[in-house]
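What follows is the residue order along each chain.
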Amino acid sequence: MDAVRDSLRARSDSMSSTVSQGSSTKMLLRQRLSQLLTCVEDMSSDDEANEEVSRTLDEAFELCGRFSPGDTFRLHMVTWNVATAEPPADVNSLLQLDVQPPTDLYVIGLQEVNATPMRFILDLIVEDSWSHLLMDTLAPRGYVKVTSVRMQGLLLLVFAKQIHLPFIRDIQTTYTRTGIFGYWGNKGGVSVRFSFYGHMLCFLNCHLTAHMNYALERVDEFEYILDKQDFDITNTPHVLDHKVVFWFGDLNFRIADHGMHFLRSSINSERFNLLWQKDQLIMMKKKEPFLMEFEEGPLRFKPTYKFDRNSDTYDSSALKTWLGLNGKKRKPAWTDRILWRIKPKIPPSEEDDETASTSTDDGHDEYPMEVTQDNYTSDMSYGVSDHKPVIGTFSLELRKCFDTPLVHVSAEGVWSADHDAVLNYTIQEDFMSSTWDWIGLYKVGFKSASDYQTFVWVKENELPETNEVIQISMDKDKVPLLGGQYVLGYYSTNMQSIIGLSADLQILESKRVVMEGLVPENINGLNK
């Protein structure tokens, strides 16, 4: 029996160290449990201890099969106060593009994007320079901008691998001003919420009030933002209703009490732990109950503020100006942070216990989600701002609530600009469709839902039935003459997202290209 216990202990240690690696490891876990069950069954049934072991393993096997998350997705987050600077020429290091396994979601929050009146108006007409650079960098690698929201200098962008687009639904954005008594948007928060394979996520990018002595005001501002922001979603009307909330940005919390010499000495020797106890956010998390629910990884990187621009040197400005007035020399601080919160489980009431079904009466979530922070660091190589960017990477381990797109889209036959093209679409699950929905033709590597080459409206006059195959045609004059690799995407006006994608479509080059001697720059009015 001791040998069995030792074997179980060894197996348990092995499993606990590898269970987070993904669905393949979970399959191995189940196989090992099954093998152990077989071994126990061969033992004497008269031994009560053996029966207890068998019963325990059986329960573990059942729990493993029913409640273990099945897929792991990689989330890459960035927060950066860019101090009105133009973007650097290259952001590959910031986005860690060559990391394995590849990222599934990018969420990037910027603060102090250039928001002078003329620049802000221009950015309302066309994408700002930061969004342009990020889209140009990510699109060739198969990432599409899902949505973005901007409030003056605050900007939040979400990108996803193209394959995930049909499963990102119910996208909504909002913002809250806290500058000048809530009338000015230089400070505040912008947020994006959406359903990712049925799991409700919310990302809140904040820029809170500055200066050492305003820690309590920062907490009050955050609480105000949480109170004011709401969404037109029944089951998640507020930020904290979501299964997982990520709170990040230039939160402006400082390191209290320590003098400049001790701060810089601790930083230069990389003894960052000496500064944690006086970090205002860490101190506030111990006092404020609603902040206690937020988690943060250890601060094992240099404070990210304040630096001389284009250098790794902390603020070297003079303490006093030539007029004798106090200067703005700042102590180093971890102003830029990334935290997350998993919605606490509410214990069922006695009445709920009596009426609970057998599938949920054990208190487990049928569709659980685990969040693991894989890395929390800063990138010191960027110097365009007096802040350094902070990067957080996460593994989101979850069971998909669904894995079938709402709409199936496909191309019919051979496509070229020599004849009208035909496509089919089928509503696979009921949703709030509209005659304003449309199907776009996208070149592979497209940047966003609006980056289509052309489009056609869905069936007019009446809404199709579920599983009804609808066929519509696209005029040959809308089909690209040069051909190439494309994809069809069904865009839902009500859901504000692409909810169905076709397989890649090869459009053949039109005979007119050779016959008429057309050059790429003049084809279809598009600059190819």
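One can find the structure itself at the top, above this paragraph.
Residues numbered from 1 in each chain as written. Predicted model: local features only at pLDDT ≥ 70, side-chain atom pairs only at ≥ 80, totals over all residues. Heavy atoms only, no water.

> Help me understand the overall build of the protein in this model?
The helix and strand inventory of the protein stands at 13 helices and 20 strands. Sorting the 528 residues of the protein into buried and exposed places 47% on the buried side. Contacts spanning at least 24 positions in sequence make up 71% of the contacts within the protein whose residues lie at least 6 apart. For the protein, the accessible area works out to roughly 26100 Å², and carbon and sulfur atoms hold 50% of it. (Helix = DSSP H or I, 4+ residues; strand = E, 2+ residues; numbered from the N terminus. Buried < 20%, exposed > 50% of the residue type's maximum accessible area, 1.4 Å probe, protein only. Contact = heavy atoms within 4.5 Å. Areas by Shrake-Rupley, 256 points an atom, 1.4 Å probe, with all protein chains shown as cover.)

> Looking at this structure, I do not really get the side chain of Asn252. What am I missing?
Structurally, Asn252 can be placed in the loop between β8 (244–250) and α8 (260–268). If we ignore the near neighbours within four places in the chain, the residues touching Asn252 are Lys187, His207, Leu208, Thr209, Ala210, Arg218 and Thr335.

> What exactly am I supposed to notice about the side chain of Thr147 here?
Structurally, Thr147 is set in strand β3 (residues 143–151). Excluding anything up to four places from it in sequence, Thr147 contacts Leu156, Leu157, Val158, Ile171, Thr173 and Val192.

> Just to check I follow, could you spell out the pattern of salt bridges for this structure?
If charged atoms from side chains of opposite charge come close, those side chains can pair. Per the stated rule, a full pass over the model turns up nine salt bridges. For Asp136, the salt bridge goes to Lys447, with nearest N and O atoms at 2.6 Å. With a gap of 311 residues between them, Asp136 in helix α6 (residues 129–138) and Lys447 in the loop between β15 (438–443) and β16 (454–457) connect regions that are remote in the sequence. By relative accessible area, which is 39% here, Asp136 ends up partly exposed. Of the residues examined, Lys447 reaches a relative accessible area of 29% and is grouped as partly exposed. Taking the shortest distance from any N to any O, the salt bridge between Arg341 and Glu293 comes out at 2.7 Å. Within this pair, whereas Arg341 is found in strand β9 (residues 336–342), its partner Glu293 is found in the loop between α11 (289–292) and β9, the two being separated by 48 residues in sequence. Taking the relative accessible area as the measure of exposure, Arg341 reaches 5% and is therefore buried. Salt bridges here are not isolated pairs; linked through shared partners, they connect Asp279, Glu296 and Arg337. (Salt bridge = Lys/Arg side-chain N within 4 Å of Asp/Glu carboxyl O.)

> Explain the packing of aromatic side chains to me, please; I cannot follow it from the model alone.
Two aromatic rings are characterised by how far apart their centres lie and by the angle between their planes. Evaluation of the coordinates by the stated rule reveals 29 aromatic pairs. Relative to Tyr491, the ring of Trp438 has its centre 4.8 Å away and its plane inclined at 15°; by these criteria the two rings are stacked. Of the two residues, Trp438 sits in strand β15 while Tyr491 sits in strand β18 (residues 484–492), which places them 53 residues apart along the sequence. Here Trp438 matches Tyr491 in class, with each residue buried. Three or more aromatic residues joined by ring pairs make a cluster, and in this case those are Trp436, Trp438, Tyr442, Phe446, Tyr452, Phe455, Trp457 and Tyr491. Cation over ring: Arg169 sits above Phe402, and NZ or CZ is 4.0 Å from the ring centre. Over the ring of Phe455 we find Lys478; its NZ or CZ atom is 5.8 Å from the centre of that ring. (Phe/Tyr/Trp six-rings, centres within 6.5 Å; stacked < 30°, edge-to-face > 60°. Lys NZ or Arg CZ within 6 Å of the ring centre and 35° of its normal.)

> How should I be thinking about α8 in this particular structure?
Buried within α8 we find Leu263, Ser266 and Ile267. Within α8, the buried residues cover an arc of 100° as seen down the axis, which keeps them to one side. Away from the buried face of α8 by more than 90 degrees, exposed residues His261 and Asn268 are located. Residues of α8 that are buried make contact with α9 (273–276). (Arc of directions from axis to C-beta.)

> Can you walk me through the nonpolar core in this structure?
General note: in soluble globular proteins, nonpolar side chains tend to be found buried as a group. Core analysis: the largest hydrophobic core is formed by 54 residues, its most contacted members being Leu75, Met77, Phe194, Phe196, Phe203, Phe246 and Phe394. In this view, Phe196 contacts Phe73, Leu105, His164, Phe167, Ile168, Leu201 and Leu398; residues no more than four positions away in its chain are not counted. With 27 residues, the next largest nonpolar core counts Leu441, Val458, Met474 and Ile499 among its residues. (Core = buried A, V, L, I, M, F, W, Y, C linked by side-chain atoms within 4.5 Å.)

> Would you mind showing me how to read the sheet that holds strand β17 (residues 469–474) here?
Whenever strands of a sheet pair, they do so through backbone hydrogen bonds, lying parallel or antiparallel. The strand order across the open sheet built from three strands is β12-β14-β17, with neighbouring strands paired in antiparallel fashion. Strands with a single pairing partner mark the edges of an open sheet, and in this sheet they are β12 (407–412) and β17. Taking each pair of neighbouring strands and ignoring which way they run, the sheet shows an average axis angle of 25°. Relative to β17, strand β14 (residues 421–427) runs antiparallel, the two being bridged by six bridges. Following the sheet pairing, Ala421 is matched in β17 by Met474. (Pairing = 2+ DSSP bridges. Axes fitted to C-alpha atoms, helices over the stretch in contact; angles between N-to-C directions.)

> Where do I start with the pairing of strand β19 (residues 497–501) in this structure?
In the case of a regular strand, side chains alternate between the two sheet surfaces. With five of five residues buried, β19 is to be regarded as a mostly interior element. Taken together, the four bridges between β18 and β19 define a ladder with antiparallel strand orientation. Pairing of Tyr490 across the sheet is with Gly500, part of β19. From the end of β18 to the start of β19, which pair antiparallel, there are four residues, and Gln496 there has a positive phi angle of about 55°.

> Looking at this structure, how should I read a negative patch on the surface?
A surface patch of like charges, here negative, comprises Glu217, Asp220, Glu223 and Asp227. For Asp227, the location among the structural elements is in helix α7 (residues 215–228). (Patch = residues over 30% accessible without salt bridge, like charges linked within 9 Å, V, L, I, M, F, W, Y side chains within 5 Å. Lys, Arg positive; Asp, Glu negative; His and termini not counted. Charge placed at Lys NZ, Arg CZ, Asp CG, Glu CD.)

> How should I be thinking about the sheet that holds strand β4 (residues 154–161) in this particular structure?
Read from one edge to the other, the open sheet built from six strands follows the order β3-β4-β2-β1-β11-β10, with strand pairing classed as mixed. Two strands in the sheet have a free side with no partner beyond their single neighbour: β3 and β10 (369–378). This sheet shows a mean twist of 15° between the axes of neighbouring strands, independent of strand direction. The pairing of strand β2 (residues 105–111) with β4 spans six bridges and is antiparallel. By the bridge assignment for β4, Ile108 is matched with Leu157. Of the strands in this sheet, β1 (71–81), β2, β3 and β4 touch α6, which is tilted by about 10° from β4.

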